[in-house]
Structures are given as structure tokens and as C-alpha cells.
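Listed here are the chains, written in short residue letters.
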Protein chains: 2
Amino acid sequence: MSPDPTCESAKRHIIDACVQSAKIKGYNDACGVLRGTLFLSEEPLSLDDLSRTTGYSKSTVCLNMNLLENLGIAQRVVIPGDKRSWYVAVSDPNSMKAVLLTNIKKEAQLILNALEQTERDLGSCGANTEKIQSKIAAMRHFYKQTDELLRLISRFTTEELIDLLSKAKI
Amino acid sequence: MSPDPTCESAKRHIIDACVQSAKIKGYNDACGVLRGTLFLSEEPLSLDDLSRTTGYSKSTVCLNMNLLENLGIAQRVVIPGDKRSWYVAVSDPNSMKAVLLTNIKKEAQLILNALEQTERDLGSCGANTEKIQSKIAAMRHFYKQTDELLRLISRFTTEELIDLLSKAKI
DNA sequence: AGATACGTTCGGGATAATCGAAACGTACTT
DNA sequence: AAGTACGTTTCGATTATCCCGAACGTATCT
């Protein structure tokens, strides 16, 4: 590839950032290293390529590439007449935006579901739960709005959103 | 508090959701349990309260409440003439919105920084890195936009954003 | 000063996550 | 059929994390 030492050390920044980002999100280091490596490659990489480049065993690479694929960070590319799986980093802005939003979306729906279930169950409960019920209602309202907002945001491109919001009066 | 069994099982949904949400974000179960417990309480809770209610030791509660405070999920309330720390769940919509966005913000700034550093270093590197540099430039553009969008989003309330975006033509 | 009631920090033991080697399944080739 | 080149799964060892009890520091009382 590019064995220039200066060049390689330049790439380290990105890999480090990916590792740190992975750790923040609760994933392991390998995830970050693989993500960074994939992004910095000019061509698609196979599992063996990734294993060789990162130093991780093939099983570890396989496991984590499947995870990255599920997260929408990596994408498997099939080349006809080639058994191997080739991976590329997802670079389409809209897909990347979606990836950034998934965790918030998941959180909103998770909490929203729970709030609605609790609200229902508290209704058929003898005890005096007025105060809690109003708190839950407020919270449900917030997450409902958040959910709605996320849906709207995913309809526009980042560019469009910036345009819309920067023109709006506060 | 409210020892009604039906009522208690209703609350379980919320605590479970908080635990699941915590796990998704890479935090431990205690974080989720504490967050849920705090939210479901009608009054502020002390460390001892939280320890008694959740069954976790005081040291564990202390550790994780500091984390929740740093995350902006819990808030310490000081009552004059009382040594104890009282905790409440942050329920202000704008603060909650900010909490939801922090991870994305962190990711964007982390990656953006790394991209800029790498870009700079690759400039003073002999090897032919045209292809990678253009990839990095594209990526930097995306994260720059994302950063800008996040800044705009934090200027408005969720309600305002919904209003603005739902009126906009696609 | 001593006692008390806090929050916090510090080991250590249990528990879970991580990773590599090897086995496995499968499709294609010879 | 045997061999090959893949991706995947399993298993065990290493490693890191979680959580508790105990010790500690520090105000505020008595």
C-alpha cells in the first residue's frame, strides 16, 4: 500500500479517533481499528486483508466486521466470481447521517414504549399515583416529540437542514 | 413510598428500558437502574435512599450517580442545612435534548479533529496520497456540516424544530 | 475533643468481555 | 472425490469490568 512512515503516522490519528469513538459507544477497540483501517484504504478489503493490516485474528475480524455492517458503518461488497467478502466504509452522507441518529432513535423508542406501558399499568392500579403519572405524561410528550423530530430530520439532507434552520428566526 | 405490587411492576418497565438503554450506550446496569429509580421517585433521593431502593452498595451508587450527573441525566440538589446530596432526574426538555445530542456532538468533533490532523500531516508527506486525501476531504465536509447542524439544532426547542421542518417543502 | 453522618476512594473477588487457535461448513476447483 | 479457499462458530485462556465491604477524609454536631 503506502509504507511511508510519515504517511502511516498521519493515518494513526484517524484510527485513534475511531477507537476512542468506539469505546465511547461501548464497543471494543477492534471495532474502532477496523473502522479506521477500512476508511483509510483506497480499495475494498477482505477479511484476510483486514486481519493482516490490523494484526487481529481472522475470527475477531469476522465478528467485528459483521457488527460494523449491522451498525451501517461498513458495507459488504460482492464481486461476481469471487467468494470473498470485500468491505468498504460507508461514505454516503445520508447513510452516515442515519448511522449517527440510530442510537438516539433507539433510545427514544425504547423509553417511549416503557412509558406507555407503565402509564397503562398505573391506570389499573389502585394506589394514588397522580404525581408520577403526570411526570410520565410529560416525559412521554418529550420522547414523542423527539421521535417526530427524528423522523423529520431523516427526511432532509444535512445541507437542506442547515439551510432551513439558518434562515429561520429564533 | 408506594408498596402496591401492581404499581411496582408497572414501574419495572421503565427501569428495564433504562437498563437496556444504558447497556446500548456502553454503561453498566446500575446506571440504568439508578436512572429509572430516580425518575420514578416523587421526591429527590439521597445516596442512602438510592442504595436502599436499588439494593446496590453505597459506593456503587456514589460512583454511578457521579457518572449520571456528568452525563446530564441526574442533577444534584443541595438543601441548605443538610449535608446530604439529593438527586433528581433532569426533566427539563431542553436539557434532555442536549443530553441526547452530546454523543453525536462528541463523535463529530472527535472524528473531525482527527481528519484535520491527518490531512495536515499527509500534506507534508512525500507519498502519493491523492485518493485518500480526497476521501478525507469529503468526510471532513460531512462532519463539518454535521457539527454545524448540531449547533443549529441546539438553538431551537424541539417544538420549534418540528414546526419549522414540518412546514418546509421537501 | 470525640462522635456522628455524610461522600468518596481503595483493594479484592466474582463476573463478563475479548481475542486467538482450531474445528467446522460450504462452495468451487482439480 | 479429494483439495482448496473462503466465512463462521466454538472453546479456552487472558484480560478488563463490576460491585461490595472497609477504610478514609471531612464537615457538623455534642
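Residues numbered from 1 in each chain as written. Chains lettered and ligands numbered in written order. Predicted model: local features only at pLDDT ≥ 70, side-chain atom pairs only at ≥ 80, totals over all residues. Heavy atoms only, no water.

Visitor: Looking at this structure, how should I read the sheet that holds strand E2 (residues 74–77) of chain B?
Guide: Whenever strands of a sheet pair, they do so through backbone hydrogen bonds, lying parallel or antiparallel. Residue and element names in this part refer to chain B. The strand order across the open sheet formed by 3 strands is E1-E3-E2, and the pairing between neighbours is antiparallel. Because the sheet does not close on itself, it has two edges, and the strands there are strand E1 (45–46) and E2. Two elements, E1 and strand E3 (residues 86–89), share 2 bridges in a ladder whose sense is antiparallel. Across the sheet, the residue bridging to Ser-46 is Trp-86, located in E3. On top of the sheet, helix H2 (residues 29–40) reaches E1, E2 and E3; it is set at about 85 degrees to E3, its chief contact. (Pairing = 2+ DSSP bridges. Helix = DSSP H or I, 4+ residues; strand = E, 2+ residues; numbered from the N terminus. Contact = heavy atoms within 4.5 Å. Axes fitted to C-alpha atoms, helices over the stretch in contact; angles between N-to-C directions.)

Visitor: Explanation requested: the pattern of salt bridges in the structure shown.
Guide: Side-chain pairing between opposite charges can occur once the charged atoms of the two side chains come close. Residue and element names in this part refer to chain A. Overall, the coordinates contain 24 salt bridges over all chains when judged by the stated rule. In this structure, Glu-8 and Lys-11 form a salt bridge, with 3.7 Å as the shortest nitrogen-oxygen distance. Here Lys-11 and Glu-8 lie together in helix H1 (residues 5–24), a separation of 3 residues that amounts to about one turn. By relative accessible area, Lys-11 is classed as buried at 7%. (Salt bridge = Lys/Arg side-chain N within 4 Å of Asp/Glu carboxyl O. Buried < 20%, exposed > 50% of the residue type's maximum accessible area, 1.4 Å probe, protein only.)

Visitor: Is there a simple way to explain the protein's contact with DNA strand D in this structure?
Guide: Surrounding DNA strand D, one finds 17 residues, the nearest of these being Lys-83 and Ser-85 of chain A together with Asn-28, Ser-57 and Thr-60 of chain B. For DNA strand D, the backbone makes up 66% of the atoms found within 4 Å of the protein, where backbone means sugar plus phosphate. Within the side chain of Lys-83 of chain A, a nitrogen or oxygen atom sits 2.9 Å from a base nitrogen of DNA strand D. One nitrogen or oxygen atom from the main chain of Ser-85 of chain A is found 2.9 Å from a phosphate oxygen belonging to DNA strand D. Breaking the surface near DNA strand D down by element, the ones donating at least two residues are helix H4 (58–71) of chain A together with helix H4 (58–71) of chain B. Considering only residue class, the surface near DNA strand D consists of 4 nonpolar, 8 polar and 5 charged. (Near = heavy atom within 4 Å. Polar contact = N/O pair within 3.5 Å; in protein donor to acceptor, adjacent residues only side chain to side chain. Nonpolar A, V, L, I, M, F, W, Y, C, P; charged D, E, K, R; others polar.)

Visitor: Honestly, the relation of the copies chain A and chain B in this entry has me stumped. Any pointers?
Guide: The operation relating the two chain copies consists of a rotation about an axis and a shift along that axis. It takes a turn of 180 degrees to lay chain A on chain B, together with a shift of 0.0 Å along the axis; the resulting RMSD is 0.1 Å. The operation mapping one copy onto its partner corresponds to a two-fold rotation axis. Of the C-alpha atoms belonging to chain A, the one lying closest to the rotation axis is found on Gly-26 of chain A, 1.9 Å away. Mapped onto chain B, 100% of the interface residues of chain A are again interface residues, and the two copies thus contact each other with one and the same surface. (Least-squares fit on C-alpha atoms with pLDDT ≥ 70 in both.)

Visitor: When you look at the protein's contact with DNA strand C in this model, what are you seeing that I'm missing?
Guide: In the vicinity of DNA strand C lie 17 residues, with Ser-57 and Thr-60 of chain A together with Cys-62, Lys-83 and Ser-85 of chain B positioned nearest. Restricting the count to atoms of DNA strand C within 4 Å of the protein gives a sugar and phosphate share of 68%. Interatomic distance of 2.8 Å between a backbone N/O atom of Ser-57 of chain A and a phosphate oxygen of DNA strand C. One nitrogen or oxygen atom from the main chain of Ser-85 of chain B is found 3.0 Å from a phosphate oxygen belonging to DNA strand C. Counting residues per element, the ones that place at least two in the surface near DNA strand C are H4 of chain A together with H4 of chain B. Per-element tally for the surface near DNA strand C: the top contributor is H4 of chain B, with 4 residues. The class makeup of the residues in the surface near DNA strand C is 4 nonpolar, 8 polar and 5 charged.

Visitor: How do you make sense of the nonpolar core when you look at a structure like this?
Guide: Across soluble globular proteins, nonpolar side chains show a tendency to be buried alongside one another. In this structure, Tyr-143 of chain A together with Tyr-143 of chain B are the most contacted members of the largest nonpolar core, which totals 72 residues. If sequence neighbours within four positions are ignored, Tyr-143 of chain B has contacts with Arg-35 and Met-96 of chain A together with Glu-107, Ala-108, Ile-111, Leu-112 and Leu-115 of chain B. (Core = buried A, V, L, I, M, F, W, Y, C linked by side-chain atoms within 4.5 Å.)

Visitor: Where do I start with the packing of H1 of chain A against helix H2 (residues 29–40) of chain A in this structure?
Guide: All names here are of chain A. Direction vectors running N to C along H1 and H2 enclose 140 degrees, while the axes themselves pass 7 Å from each other. Comparing the axis directions of H1 and H2 gives the class oblique. For the crossing formed where H1 meets H2, the hand is right-handed. Only Asp-29, Cys-31, Gly-32, Val-33, Arg-35, Gly-36, Thr-37, Phe-39 and Leu-40 of H2 make contact with H1, whose side of the interface consists of Lys-11, Ile-14, Ile-15, Cys-18, Val-19, Ser-21, Ala-22 and Lys-23. Looking at the contact of H1 with H2, its residues break down into 9 nonpolar, 4 polar and 4 charged. (Parallel < 35°, antiparallel > 145°, perpendicular 65-115°, else oblique. Left-handed = near helix turned anticlockwise from the far one by under 90°.)

Visitor: I'm lost on H4 of chain B in this one. Help?
Guide: Think of an α-helix as turning once every 3.6 residues; residues three or four places apart then point the same way. All names here are of chain B. Across its 14 residues, H4 extends 20 Å between first and last C-alpha, which sits within 8% of the 20 Å expected from 1.5 Å per residue. Of all the residues in H4, the buried ones are Val-61, Asn-64, Met-65 and Leu-68. One side of H4 carries all its buried residues, which in axial view fall inside an arc of 110 degrees. The exposed set on the far side of H4, more than 90 degrees from its buried face, consists of Ser-59, Leu-63 and Asn-70. Turning to H4, the residues buried within the fold contact H2, helix H3 (47–54), E2 and E3. Two residues or fewer past H4, Gly-72 is found with a positive phi of approximately 85 degrees. (Expected span 1.5 Å × (residues − 1). Arc of directions from axis to C-beta.)

Visitor: Honestly, the pairing of E3 of chain B in this entry has me stumped. Any pointers?
Guide: Side chains on a regular strand alternate between the two faces of the sheet. Two elements, E2 of chain B and E3 of chain B, share 4 bridges in a ladder whose sense is antiparallel. Residue pairing across strands places Arg-76 of chain B opposite Tyr-87 of chain B, the latter belonging to E3 of chain B.

Visitor: What is the right way to read the domain arrangement of chain A from this model?
Guide: Think of interface size as the accessible area that goes away when the parts come together; that is how it is often given. Structurally, chain A comprises domain 1 (5–89) and domain 2 (93–167). With centres defined by C-alpha atoms, the gap from domain 1 of chain A to domain 2 of chain A works out at 32 Å. (Domains from an automatic or database assignment.)

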